[in-house]
Amino acid sequence: MKICFIMYPWDRVNPNQDSSLRIIHECALRGHEVAITHPNNLTIRDSVTLSHCNTIIKEDKVKASVPSFYKSVRFVKKMRPLSEFDVIFMRANPPLDPLVLNFLDSVKDDVFIINAVDGLREANNKIYTAAYHDPERELIPATHVSKNISYLISVIEESEHDKMILKPLDGFGGSGVIVIEKAAMHNIKSLLEFYIERGDKQSNYVILQDYVEGAEDGDVRVLMLHGKPIGALRRRPAKGDARSNISAGGTVEKYTLTKEDKILCKKIGEKLVRDGIYYAGLDLIGGKLIEVNVMSPGTITDINKLNNTKLQVKIVNYLEKVTRKREELKENFRPENL
Ligand SMILES: Nc1ncnc2c1ncn2[C@@H]1O[C@H](COP(=O)(O)OP(=O)(O)O)[C@@H](O)[C@H]1O
Ligand SMILES: [Mg+2]
């Protein structure tokens, strides 16, 4: 298998923690051809989409420990056409530059891209979950997206709850996520103006969402591979904070999915696969879906440590299976039929 990882800069990888590195290491251990590149390296030359890639030298022995592998791995630098890969794994950090998707559009019939370009395009911000079809309100908390300040104020005033969550539409890592309390309505207009106008020329959408009770005890991160959960953990917010993100100071704990969580994952999983989102990190609170992370969800290393697993083995097994099926079925290959 020839695989290309489009990701954040290699020198910013933390070898003890990084999830992409674990997948890369597993590919290298199995003798696959692994190339690594950054979104800024995408290039078109004479109508061919290429990238300046660092390809791992296959002849070198692959160290068994991930940090030693990171320290010792050697690369060959070369421009490579993206269409020569079997798999492109998008592991760039959010926010997503939509132009990257235009580059990938040009090779999407030649390469298995995880996640599919159209899935990334659709799910790379929080409208994807906000607009989830959920008439019985079983899957997501009541969610509103708007830039209309007076409308948003009326939503808060009319809500039966004392608390709501306000977040920027395109945020990540917990940035800008705050709790709104009805008792402090005199601040709301100024706050909404600040979020929506944010000093930019263009105004920004915000999300208002019912506060899900139980969030004080943290949220649950579930890694979904081809519509099925492969691992999970609980993230607990730092004292005095409403956000469970690890980048916002949250800590991780072992978590076993409940029967209800599994039902929720099944319902969401079917849609993810239909939408071309083969690998994602779900954030769940109190049995409700809060967010689908499609860009570069982490936590593999933490889940591995807490449960003594190697999720990267499952992921690479999956990529090998896709590659075999694509070779066998050629243009009749449909990922949803795997
Ligand atoms: N509706 C909600 N009720 C309670 N807590 C929430 C809610 N939405 C978000 N949070 C808290 O804020 C964190 C970040 O929100 P999330 O929607 O996942 O955005 P981000 O993209 O920044 O991770 C969540 O992990 C959770 O701890
Ligand atoms: Mg999140």
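Asker: So what's going on with the pairing of strand β2 (residues 33-37)? Residues and values would help.
Answerer: Within β2, four of the five residues are buried, which leaves it mostly tucked inside the rest of the structure. Of the strand pairs in this sheet, strand β1 (residues 2-7) and β2 are connected by five bridges, and their pairing is parallel. In the strand pairing of β2, Cys4 is matched with Ala35. Read as a crossover between parallel neighbours, the route from β1 over helix α1 (residues 19-29) to β2 is right-handed. Note that β2 and strand β4 (residues 48-56) share two bridges and pair antiparallel. Bridge pairing in β4 places Ala35 opposite Thr55.

Asker: Tell me about unusual backbone geometry, and please be specific about residues and values.
Answerer: Here the residue pair Pro94 and Pro95 is connected by a cis peptide bond, since its omega of -5 degrees sits within 30 degrees of zero. The peptide bond linking Ile114 to Asn115 adopts the cis configuration, its omega dihedral lying at 0 degrees. Secondary-structure assignment places Asn115 in the loop between β7 (112-114) and α4 (117-123). Look at Thr299: it is not a glycine, yet its phi comes out positive at around 75 degrees. In this structure, Thr299 sits in the loop between β16 (288-293) and α9 (300-307). Taking the number of C-beta atoms within 10 Å as the measure of exposure, Thr299 has 22 and is therefore buried.

Asker: Run through the sheet that holds strand β12 (residues 219-225), naming residues and quoting values.
Answerer: One open sheet accounts for five strands, arranged β14-β13-β12-β15-β16; its pairing is antiparallel. A strand with exactly one partner marks an edge of an open sheet, and here the two such strands are β14 (251-254) and β16. Geometrically, the sheet is characterised by an average inter-axis angle of 30 degrees between neighbouring strands, direction not taken into account. Judged from the four bridges that link them, strand β13 (residues 228-236) and β14 form a sheet pairing that is antiparallel. What sits directly across from Arg235, in β14, is Val252. Against the sheet, α9 makes contact with β12, β13 and β14, and its axis sits at roughly 90 degrees relative to β13, the strand it touches most.

Asker: Account for the nonpolar core, naming residues and giving values.
Answerer: The biggest cluster of nonpolar side chains holds 67 residues, and the ones touching the most others in it are Ile3, Cys4 and Ile88. Contacts of Cys4, omitting those with residues within four sequence positions, involve Ala35, Thr37, Cys53, Leu82, Phe85 and Ile88. Among the nonpolar cores identified, the runner-up in size contains 10 residues, and Leu152, Met164, Ile165 and Leu208 belong to it.

Asker: Describe in detail the pairing of β13, supporting the description with residues and values.
Answerer: Along any regular strand the residues' side chains alternate between the sheet's two faces. Where β12 and β13 come together, seven bridges link them in antiparallel fashion. Across the sheet, residue Val222 finds its bridge partner in β13, namely Ala232. The loop that links β12 with its antiparallel partner β13 comprises two residues; one of these, His226, has a positive phi angle of about 45 degrees.

Conventions adopted
Residues numbered from 1 in each chain as written. Chains lettered and ligands numbered in written order. Predicted model: local features only at pLDDT ≥ 70, side-chain atom pairs only at ≥ 80, totals over all residues. Buried ≥ 20, exposed ≤ 12 C-beta atoms within 10 Å, placed from the backbone. Helix = DSSP H or I, 4+ residues; strand = E, 2+ residues; numbered from the N terminus. Pairing = 2+ DSSP bridges. Right-handed = clockwise from strand over helix to strand, strands pointing away. Axes fitted to C-alpha atoms, helices over the stretch in contact; angles between N-to-C directions. Contact = placed C-beta atoms within 7 Å. Core = buried A, V, L, I, M, F, W, Y, C linked by C-beta atoms within 7 Å.

Honestly, that's just the spatial picture; any functional story needs more than this.
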